[in-house]
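# Residue-level structure breakdown
Residue-level listing of the chains:
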Amino acid sequence: MLVYGNGEVLVAQAPAKLNLFLEVLGKRADGYHELETLMVSVGLYDTLVFKEGHSKTIAVRCLGAGERSDCGEGGIDSIPTGRDNLVVQAAHLLRDHTGVQRGAEITVWKRIPPAAGLAGGSSDAAATLVALTHLWNVPLSAAELHPLAVRLGSDVAFFLARTPAAVCRGRGEVIEPVPLPMTLQFVIVRPPTGLSTSHVYRACQPSSPARSCRPLIQSLTAGRLAEAGRLFHNALVAPAEELNKDVTLVRRIFSRQPVLGHSMSGSGTACFGLCTTRCQALALARQLAA
Ligand code: C5P
């Protein structure tokens, strides 16, 4: 996440994430699932613009950017701008927590497709927490913002940590940053339809025996990318495929490509392939888009 501006207008670039590994360890008493997941942030961003409002109102509008403004079921039109919107919730939570009496006008340029397992909404929420602490001049550290992030959603803490890669445990909020020595080149495909995270988790079974993401991290940190690609794993693939046949279709397409490895991100429906070079990734993206 990148936040910049002049104090009166702030701009935040909120990245998407991919889960290179996601294991479901068990179901918890609070209804959530205990996870071990390796998340990486990727160079696909929503852009948020924050201005002090004329009143104490918190006003949010979402605009689709380019072709992503029409991504079918679960598309931009389905993104709420009222109290269900995570940006609105983040702003109110921060205001209630700090007691500031300020408003904000927030414009969100959506590029990250929703209902895709790419956590666009969570990233936008984390960016809102960080940007509004600057705009409203309430100096809270990332550690102080962490409990607010956890209340907003399981993925928000990862973005708040502002690390390129991390192992996330608990329901996703316990963050262990992982240093990766190189830039990874991915092609991401989001089919026309999306999936609801809660529906996918409801249909999943905890894995037995559970796999660990350590071998994948060792391969990545040693730069053994072909080996790493074979270790990609997502325990939510089976329930996602049950609920949405587009996931099966996209996974089948990736299985025929010369990628080092491929998987689904989060609860889907977006899938990704790891390429050897940026040039290969761009060529494959063009081919798949066609
Ligand atoms: O935390 P978040 O609001 O993003 O989660 C959305 C839904 O996904 C939850 O209501 C829950 O049903 C499911 N979930 C889960 N276990 C997790 C994360 C999410 O069951 N670790």
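Everything quoted here is computed from the prediction, not taken from an experiment. (Residues numbered from 1 in each chain as written. Predicted model: local features only at pLDDT ≥ 70, side-chain atom pairs only at ≥ 80, totals over all residues. Heavy atoms only, no water.)

## Section: the overall build of the chain
Put simply, the rule is: Numbering of helices and strands runs from the N terminus; a helix is a DSSP stretch of H or I covering at least four residues, while a strand is a stretch of E covering at least two. Throughout, the radius of gyration refers to the C-alpha atoms, and the reference size of a globule is 2.2 Å times the residue count to the power 0.38. For the exposure calls, accessible area comes from a 1.4 Å probe over protein chains only, and a residue counts as buried if that area is under 20% of its type's maximum, exposed if over 50%, partly exposed in between. The criterion used for residue contact is that any of the two residues' heavy atoms lie within 4.5 Å. For the charge count, each Lys or Arg is scored as positive and each Asp or Glu as negative, with His and the chain ends excluded. Lys charges are placed at NZ, Arg charges at CZ, Asp charges at CG and Glu charges at CD.
Tallying secondary structure elements over the chain gives ten helices and eleven strands in all. Against the 2.2 N^0.38 benchmark of 19 Å for 290 residues, the chain shows a C-alpha radius of gyration of 19 Å, consistent with a compact globule. Principal-axis analysis of the C-alpha atoms gives the chain an extent of 55 × 40 × 35 Å. The buried share of the chain, reckoned over its 290 residues, is 53%. By sequence separation, contacts in the chain at least 24 residues apart represent 73% of the contacts at least 6 residues apart. Between the averaged position of the 28 positive side-chain charges in the chain and that of its 23 negative side-chain charges there is a distance of 3 Å.

## A closer look at the sheet that holds strand β8 (residues 185-189)
Applicable threshold: Here the rule is simple: two strands pair whenever DSSP picks up at least two bridges between them. With axes taken as lines fitted to C-alpha atoms, and helix axes fitted only over the stretch in contact, angles between N-to-C directions fall between 0 and 180 degrees.
The three strands are arranged β8-β11-β10 in an open sheet whose pairing can be described as antiparallel. The open sheet has two edge strands with one neighbour each: β8 and β10 (261-264). The average undirected angle you get between the axes of adjacent strands in this sheet is 20°. By the bridge criterion, five bridges tie β8 to strand β11 (residues 271-275) in an arrangement that is antiparallel. The residue bridging Val187 from the neighbouring strand is Gly273, located in β11.

## Regarding the packing of helix α1 (residues 86-98) against helix α3 (residues 142-152)
Convention followed: An angle below 35 degrees is treated as roughly parallel, one above 145 as roughly antiparallel, one from 65 to 115 as roughly perpendicular, and anything else as oblique. Handedness of a helix crossing follows the sense of rotation of the near helix relative to the far helix, less than a right angle counterclockwise being left-handed and clockwise being right-handed.
Two numbers describe how α1 lies on α3: the axes approach to 10 Å, and their chain directions differ by 140°. The angle between α1 and α3 places the two elements in the oblique class. Regarding α1 and α3, the two cross each other, and that crossing is right-handed. Between α1 and α3, the residues in contact are Leu86, Gln89, Ala90, Leu93, Leu94 and His97 and Leu145, Leu148, Arg151 and Leu152, respectively.

## Digging into the confidence of the model for the chain
The condition is simple: For every residue, the predictor assigns a confidence score, pLDDT, that lies between 0 and 100.
Overall, the predicted model of the chain reaches an average pLDDT of 94, with 95% of residues at or above 70. Segment residues 66-73 is flagged for pLDDT under 50; beyond a separation of four residues in sequence, or across chains, it makes 17 contacts in the model.

## Details of the site of the ligand
Cut-off, in case you're wondering: Whether a residue is near a molecule or strand depends on its heavy atoms: if one lies within 4 Å, it is near. What qualifies as a polar contact is a pair of N or O atoms within 3.5 Å, subject to a donor-acceptor requirement within protein and to the restriction that residues adjacent in sequence count only when both atoms come from side chains. Computed with a 1.4 Å probe, the accessible areas rest on the Shrake-Rupley method; for each residue, only the protein chains presented here act as cover.
What surrounds the ligand is the set Gly31, Tyr32, His33, Leu35, Gly153, Ser154, Arg171, Thr197, Ser198 and Tyr201. In the environment of the ligand, an oxygen atom lies 2.5 Å from a nitrogen or oxygen atom belonging to the side chain of Ser154. Between Arg171 and the ligand, the recorded distance is 3.0 Å, taken from a backbone N or O atom to a nitrogen atom. In isolation the ligand exposes 450 Å². Once the protein is present, 74% of that is buried. Of all the elements in the fold, those that place two or more residues in the shell around the ligand are β3 (33-52) and α5 (197-202).

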